[in-house]
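Understanding the architecture of this molecule
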Amino acid sequence: KRFQLNICLQLKSLYPHMLNVTKTLIEYIQNASTALDARDFCSRYTCDVISNCLFGIDAKSFQHDNAEIYEHSRKILQGIMAATASILPKKMFPPKSERFFINLIRDSIEYRVSNKIERDDFLAHVIAMQQKKNLSEVETLGQARIFSN
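One structure accompanies this document, and this report is about it.

This paragraph deals with the overall build of the protein. Each helix and strand counted, the protein has six helices and zero strands in total. In the protein, the succession of helices and strands from N to C terminus is α-α-α-α-α-α. The proportion of buried residues among the 149 residues of the protein is 34%. Excluding contacts between residues fewer than 6 apart, the proportion of contacts in the protein whose partners are at least 24 apart in sequence is 56%. A total of about 9,700 Å² of accessible surface is found on the protein, and carbon and sulfur atoms cover 56% of it.

Here it is in structure tokens:
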């Protein structure tokens, strides 16, 4: 099955989540006692926006230097860069990081459904599609992974 969510129509609903992450970024910059690495804080911001908008999870990249989601995201990006740089076919995602995100998606869906948590983000749309189209867990994870990777 092809990707079935119309992400463009949902961008407006993600704005409040992006704004909250932006406030965290501003706080991080204002409280910095030393010079900041622009690439690092932009990566952290991107990680927090994506994890917040996709999974409804605060990655806490600005609060913790080695935040788990941030570290796995970096590893996946490094895998993509290494795979595209080489001529030979190569697995782009480190297996440990790929498993981490699959488990994160599965656990987030399970937690939201069992605790009746509603939030207007990407994962909520995946859950709604799963229920509406009666998708299996594998199909649901595939839908979520298409956008997250």
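With that out of the way, let us pick up the packing of helix α1 (residues 11–30) against helix α2 (residues 38–55). Contact geometry of α1 with α2 gives a least axis separation of 9 Å together with a crossing angle of 150 degrees. The angle between α1 and α2 falls in the class roughly antiparallel. Relative to α2, the crossing made by α1 is right-handed. Contact with α1, carried on its side by Leu14, His17, Met18, Val21, Thr22, Leu25, Tyr28 and Ile29, involves Asp40, Phe41, Tyr45, Asp48, Val49, Asn52 and Cys53 of α2 and no other residues of that element. By residue class, the composition of the contact of α1 with α2 is 10 nonpolar, three polar and two charged.

So, about the nonpolar core. The biggest cluster of nonpolar side chains holds 19 residues, and the ones touching the most others in it are Phe55, Ile69, Phe101, Leu104, Ile105, Ile109 and Leu123. Going through the elements one at a time, α2, α3 (68–85), α4 (95–114) and α5 (122–133) are the ones with two or more residues in this core. The greatest single-element share of this core, amounting to five residues, is contributed by α4. Setting aside its immediate chain neighbours within four residues, Leu104 contacts Phe55, Ile57 and Ile69.

Positive phi values are uncommon outside glycine, yet Lys60 reaches one of about 55 degrees. Mapped onto the secondary structure, Lys60 falls in the loop between α2 and α3. Take Lys60: its relative accessible area is 37%, and that puts it in the partly exposed class.

The full count for this structure, using the stated rule, is three aromatic pairs. For the ring pair Tyr28 and Phe62, a centre distance of 4.9 Å and an interplane angle of 50 degrees mean the geometry is tilted. Placement of the pair is Tyr28 in helix α1 and Phe62 in the loop between α2 and α3, with a sequence separation of 34 residues. With relative accessibility at 22%, the residue Tyr28 sits in the partly exposed group. The class of Phe62 is buried, set by a relative accessible area of 8%. Clustering of aromatic rings is evident, with ring pairs tying together Phe55, Phe100 and Phe101.

The rules behind the values
- Residues numbered from 1 in each chain as written.
- Predicted model: local features only at pLDDT ≥ 70, side-chain atom pairs only at ≥ 80, totals over all residues.
- Heavy atoms only, no water.
- Helix = DSSP H or I, 4+ residues; strand = E, 2+ residues; numbered from the N terminus.
- Buried < 20%, exposed > 50% of the residue type's maximum accessible area, 1.4 Å probe, protein only.
- Contact = heavy atoms within 4.5 Å.
- Areas by Shrake-Rupley, 256 points an atom, 1.4 Å probe, with all protein chains shown as cover.
- Axes fitted to C-alpha atoms, helices over the stretch in contact; angles between N-to-C directions.
- Parallel < 35°, antiparallel > 145°, perpendicular 65-115°, else oblique.
- Left-handed = near helix turned anticlockwise from the far one by under 90°.
- Nonpolar A, V, L, I, M, F, W, Y, C, P; charged D, E, K, R; others polar.
- Core = buried A, V, L, I, M, F, W, Y, C linked by side-chain atoms within 4.5 Å.
- Phe/Tyr/Trp six-rings, centres within 6.5 Å; stacked < 30°, edge-to-face > 60°.

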